[in-house]
Amino acid sequence: MCYINVKLGIFCKLKKLISMKIPLLKSISLAIGLVALPFSSNFALAQTDSKLTVYCTVQNKVCEDLTKRFSKQYHIDTQFVHGGTGTILGKIKAEKENPQADIWYGGTIEPHFQAGQLGLLEAYRSPRQGEILPRFKALMESDKGKFTSIAYVMVLGFGVNTEKLKQLGVEPPKKWADLLDPRLKGEVQLPDPRSSGTTYTLIATLIEMWGEEKTFEYLKKLDKNISQYVKSTLVTSNLSRGESAVTVGFVHGYSAEKEKGAPVDSVLPADGVGYALGGVSIIKGARNVENAKRFMDWVLSKEVQEIPWRKDGAYQTPANINAEVSPLSARIDNVKLVEVNYDRFGSSEEGKRLVDKWVSEVKLAK
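Here we summarise the structure given alongside this text. This is a predicted model, so every value here is computed, not measured.

A complete count under the given rule lists 1 disulfide for this structure. What pairs with C56 in a disulfide is C63, and their sulfur atoms sit 2.1 Å apart. Taking the sign of the S-S torsion, -95° for the link of C56 and C63, the bridge is left-handed. Taken individually, C56 and C63 each receive the classification buried, so the pair is uniform in this respect.

Written out as structure tokens, the structure reads:
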């Protein structure tokens, strides 16, 4: 028996047809309006349980756009839950025995690696990994690439509110030490690393440049200029509203605000530019593993990696070598990046240790 579901399309109960061993009909006339439905031997019939739930850690509008497009293209009932990197990692840990999502898309890649190390991810190497930018091929060919693929690249820098800095009589920062300027007291904001991967990327970058001891000395001094540690989604919007003069974040967000007319600009620090990779991983125990694999392959494709900047004003740099890069995205081929040791900073133990150290020695220190 066949019936029509407006949301998902046409679904058929095949079991009875197979048991009756009747030939596949060229078409079926339905009682409702006598609709003719063509069938062939390779016609893929969607199932009523064809679903997908995505934990999504990119801009909310990108999450909404991509899940709608995927749902429409593949006739899969797709929904998403939005959250910061740390928040989503916490959910996946808490739901280990009863996963509530199928795939995690977006967010800095170190927590993805940590989830893989903890046995929270399903092994899957997307064939699209072969289209990754050359500088990241070795990483994808390592054991980490068994569980996580690179979806995009984010460049870390300073965001500045040009009007606010002018009022303060302060030049835009050029180096990391410039953020310690006493005139910026109460004018700097950072994301909280307990809920966001951005500040963890900052910590890892500074440790690679200076070592751990000097990095935490710097973070303690910087804390004196911090007005508050906020959710990653608020850092850039607060900067645009003039609630802060300087922030540290991924520069594609500042490009988007500037395009909207906000007095926002970005600066790449002269003494070292950090970066992060956006990850995509299938969750262990997912109810819809095959749909999750299809979604991963899809978001890693050239065409889909161009959608965020062409349609949604989001300027992460595509990781697919064949994808066109927006003029407003940071071009990593022209930037001297601080290389990250993912064996260290992608470790769950190291990630927890550094965030706990930040909480005790910086956030809660008196």
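A few words now on the packing of helix α9 (residues 232–240) against helix α10 (residues 251–259). Two elements in contact, α9 and α10, have axes separated by 10 Å at closest approach and are oriented at 40°. The angle between α9 and α10 falls in the class oblique. Handedness of the α9/α10 crossing: right-handed. Residues T236, L239 and S240 of α9 form the contact with α10, whose own contacting residues are G253, Y254 and E257. Split into classes, the residues belonging to the contact of α9 with α10 amount to 2 nonpolar, 3 polar and 1 charged.

Looking now at the pattern of salt bridges. Scanning the entire structure with this criterion turns up 24 salt bridges. As a salt-bridge pair, E95 and K91 come within 3.3 Å of each other at their nearest N and O atoms. With a relative accessible area of 16%, E95 lands in the buried category. Salt bridges sharing common partners tie together E212, R344, E350, R353 and K357.

Even without a glycine there, the phi angle at H75 is positive, about 55°. Counting through the fold element by element, H75 comes out in the loop between α2 (60–74) and β6 (77–82). Taking relative accessible area as the criterion, H75 reaches 46% and is therefore assigned partly exposed.

Quick notes on the rules
Residues numbered from 1 in each chain as written. Predicted model: local features only at pLDDT ≥ 70, side-chain atom pairs only at ≥ 80, totals over all residues. Heavy atoms only, no water. Disulfide = S-S within 2.5 Å. Buried < 20%, exposed > 50% of the residue type's maximum accessible area, 1.4 Å probe, protein only. Axes fitted to C-alpha atoms, helices over the stretch in contact; angles between N-to-C directions. Helix = DSSP H or I, 4+ residues; strand = E, 2+ residues; numbered from the N terminus. Parallel < 35°, antiparallel > 145°, perpendicular 65-115°, else oblique. Left-handed = near helix turned anticlockwise from the far one by under 90°. Contact = heavy atoms within 4.5 Å. Nonpolar A, V, L, I, M, F, W, Y, C, P; charged D, E, K, R; others polar. Salt bridge = Lys/Arg side-chain N within 4 Å of Asp/Glu carboxyl O.

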